[in-house]
Amino acid sequence: MLGNFTYHNPTQLYFGEDALEYLNDELPKYGKNVQLIYGGGSIKKNGLYDSIVDILRRNGKEVFEDAGVMPNPTIEKLREGIKIARDNNVDLLLAVGGGSCCDYAKAVSVSVHCDEDPWEKYYIRFEEPTCEILPVGCILTMAGTGSEMNGGAVITNHEAKLKIGHVFGDEVMPKFSILNPKYTYSLPKHQMVAGIYDIFNHICEQYFSGEDDNTSDYISEALMKSVVHSSLIAVENPEDYEARSNIMWTATWALNTLISRGKSTDWMVHMLGQSVGAYTDATHGMTLAAVSLPYYRYIMPYGLAKFKRFAEEVWGVCADGKTDEQVAEEGLKAMEEWMKKIGVAMNITELGVTEDMIDGIANGTIILEGGYKVLNKDEVIRILRASL
Ligand code: NZQ
Ligand code: ZN
């Protein structure tokens with residue numbers, strides 16, 4: 001049964017080749033001081049930086065640079081960003097990059113006017129912001145996380161060996177996001193396919209939970225088929241606009257709060273992947289890919305009907321003359337073949353995990369209860385070992 005829910009997504013989205021023009025419509029809504037947040041320099045190489053700075057200047061904005069946001073942004077970097085915003089009375093946080101820049105901007109937005117330590121408040125105690133929140137705008141250059149239209153903000157604390165996400169509410173979600181699929185053309189293949197697997201897994205996390213007849217599951221199947229189809233084209237031809245635009249839009253829909261409405265969700269692959277990330281700093285989508293198959297094979301008997309449905313609806317497995325288990329396993333086999341074809345990480349050893357890290361990674365894995373089987377620590381260890 002569809003549970004009760006409210007639904008509202010406040011992010012204004014501009015999509016397509018001319019989307020950046022709409023920055024001119026958005027900027028007048030905010031004050032003069034703009035904190036320009038970006039990563040390690042890809043936007044300087046592909047020329048996007050110059051175009052954005054030009055638009056900011058033409059709109060009379062004062063620009064405060066906040067460069068060097070690393071993949072898997074750290075708590076130390078967050079503290080730097082808070083200082084830049086405080087020192088310059090920033091009115092708008094403009095993130096240009098992938099999920100890391102967008103997430104980081106949201107984490108800065110709830111911390112600038114907060115008197116408490118953000119790590120303790122948001123990532124250990126999971127409290128909601130009670131202070132003024134700075135507005136965030138995103139210009140997306142990588143498809144994957146859905147951060148452009150959600151309240152998620154994942155921060156890594158290397159000292160504590162923890163990578164934790166806080167999903168904030170509507171008031172923290174970007175006020176606007178600009179999505180031009182062409183910006184993703186310059187992504188290295190490794191990042192492109194990691195993003196593609198991230199999209200696919202976001203849908204899985206919301207699909208593999210519950211046994212009811214839910215509209216969300218039908219939408220999810222369509223989204224998964226679209227990602228698989230477009231990914232195979234994009235891997236062959238990264239400049240296929242149709243494929244890249246479908247991937248970008250599917251990424252947004254996979255995690256913009258719609259498909260989770262009214263249903264339970266799992267998210268254990270993300271919990272396992274995040275803990276692997278805290279130990280290795282590996283690319284987010286790759287950490288998910290590397291633990292997914294052992295996890296799904298382990299929980300399959302507890303959610304057999306859904307895994308059978310997944311095999312038939314997403315992968316076109318023919319069920320004639322086969323047991324439910326055989327059909328379900330064929331579905332996972334088809335998923336495995338697709339993963340190998342696009343070239344994602346197939347185990348955590350290739351991400352740098354060694355046997356002696358397993359216990360620590362298991363300790364850092366937050367156990368959630370929405371999936372088909374609530375894991376205990378021994379089971380987490382078993383799944384991690386099977387992922388080596
Ligand atoms: O830093 P630059 O030089 O820009 O390079 C980046 C970075 O090295 C590069 N890149 C991005 N766009 C590019 C490009 N290189 C060339 N051309 C372009 N157009 O790609 C690298 C990775 O970027 P990053 O932003 O880290 O990737 P992604 O979008 O996958 O974001 C990952 C972060 O988002 C979090 C992850 O945990 C991770 O910290 N997540 C956020 C979620 C959310 N908000 O809901 C959910 C996700 O599950 C995820 O946890
Ligand atoms: Zn993810």
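A. Representation of the packing of aromatic side chains. Evaluation of the coordinates by the stated rule reveals 23 aromatic pairs. The interplanar angle of 45° and the centroid separation of 5.1 Å between the aromatic rings of phenylalanine 208 and tyrosine 296 together place this pair among those described as tilted. Taken together, the positions of phenylalanine 208 in the loop between helix 7 (189-207) and helix 8 (215-236) and tyrosine 296 in helix 11 (residues 284-299) put the pair 88 residues apart, joining distant regions of the chain. Ring geometry for phenylalanine 310 and tryptophan 315: centres 6.2 Å apart, planes at 80°, overall edge-to-face. The same class applies to phenylalanine 310 as to tryptophan 315, namely buried. Pairwise contacts between aromatic rings join Tyr197, Phe200, Tyr207, Phe208, Tyr295, Tyr296, Phe307, Phe310, Trp315, Trp338 and Tyr372 into one cluster. Seen from the ring of tyrosine 49, lysine 44 lies directly overhead, with NZ or CZ sitting 4.5 Å from the centre. One Lys or Arg, lysine 161, reaches over the ring of tyrosine 279 and ends 5.2 Å from the middle of that ring.

B. Main features of the site of ligand 1. With respect to spatial proximity, 29 residues lie near ligand 1, and among them Gly40, Ser42, Gly99, Ser100 and Asp103 are the closest. At a separation of 2.7 Å, an oxygen atom of ligand 1 approaches a polar side-chain atom of serine 42. Between lysine 163 and ligand 1, the recorded distance is 2.9 Å, taken from a side-chain N or O atom to an oxygen atom. At the level of secondary structure, the elements contributing two or more residues to the shell around ligand 1 comprise helix 5 (99-109), strand 6 (152-157) and helix 7. Looking at the shell around ligand 1 residue by residue, the class counts come to eight nonpolar, 18 polar and three charged.

What counts as what
- Residues numbered from 1 in each chain as written.
- Chains lettered and ligands numbered in written order.
- Predicted model: local features only at pLDDT ≥ 70, side-chain atom pairs only at ≥ 80, totals over all residues.
- Heavy atoms only, no water.
- Phe/Tyr/Trp six-rings, centres within 6.5 Å; stacked < 30°, edge-to-face > 60°.
- Helix = DSSP H or I, 4+ residues; strand = E, 2+ residues; numbered from the N terminus.
- Buried < 20%, exposed > 50% of the residue type's maximum accessible area, 1.4 Å probe, protein only.
- Lys NZ or Arg CZ within 6 Å of the ring centre and 35° of its normal.
- Near = heavy atom within 4 Å.
- Polar contact = N/O pair within 3.5 Å; in protein donor to acceptor, adjacent residues only side chain to side chain.
- Nonpolar A, V, L, I, M, F, W, Y, C, P; charged D, E, K, R; others polar.

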